[in-house]
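Listed below, chain by chain, are the residues.
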Amino acid sequence: MTTSIKNIHSVFSLNTRLFLNALEELTEAQVKERISEHNNPINWIATHTIWARYNVSMILGIPVQNPYQGLFENFKAYDVTMDLPSLATLKSEWQKASEHLEKAFEQVTEAHLAADGPFKNPIGDNSNAGTIAFLAQHESYDIGQIAFLKKYYTKQAMKY
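Engineer: Which residues make up the pattern of salt bridges, and what values go with them?
Structural biologist: For the coordinates displayed, the defined rule picks out 2 salt bridges. Among the salt bridges present, the one from R53 reaches E139, with a minimum N-O distance of 2.7 Å. Of the two residues, R53 is situated in helix α3 (residues 42-59) and E139 in helix α6 (residues 128-154); the sequence distance between them amounts to 86 residues. The buried category is assigned to R53, whose relative accessible area is 0%. For E139, a relative accessible area of 3% puts it in the buried group. Measuring nitrogen to oxygen at the nearest pair gives 3.4 Å for the salt bridge that ties K96 to E93. You can see K96 and its partner E93 sitting in helix α4 (residues 87-107), 3 residues apart, about one turn around the helix.

Calculation notes
Residues numbered from 1 in each chain as written. Predicted model: local features only at pLDDT ≥ 70, side-chain atom pairs only at ≥ 80, totals over all residues. Heavy atoms only, no water. Salt bridge = Lys/Arg side-chain N within 4 Å of Asp/Glu carboxyl O. Helix = DSSP H or I, 4+ residues; strand = E, 2+ residues; numbered from the N terminus. Buried < 20%, exposed > 50% of the residue type's maximum accessible area, 1.4 Å probe, protein only.

Take a look at the structure:
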């Protein structure tokens, strides 16, 4: 693994565990429920997070099949007609996406990290490395939302 991306890799590694911890003890009904018309349900947030993780692997240079391609492009919002996966499928797909991501981190080169990223991001470093740093923050934010909703439903905090 290249030295310049080790810290970002550490965030993704931590998130690999936290995502599953945030889903612990939630029921299928709870992950489908919205606490208001202005909030996304956990299954939407989790599916979006997995979709984004697959995309991180692709940005790092590993071609992968994203099972949720087409669901979230162009900032597509939650729609009650979406066919979202079960809790068990979310956990399984998270594991698959995480395995691809680990391989991608092991294989990426400094030259690839320095190349232009696929989109401009809010942190201002539009290289692949900057885009990956932004997506680490974005993934952490999503997991924080799931953890908040877990506490709302189960009265238990997410464990580190």
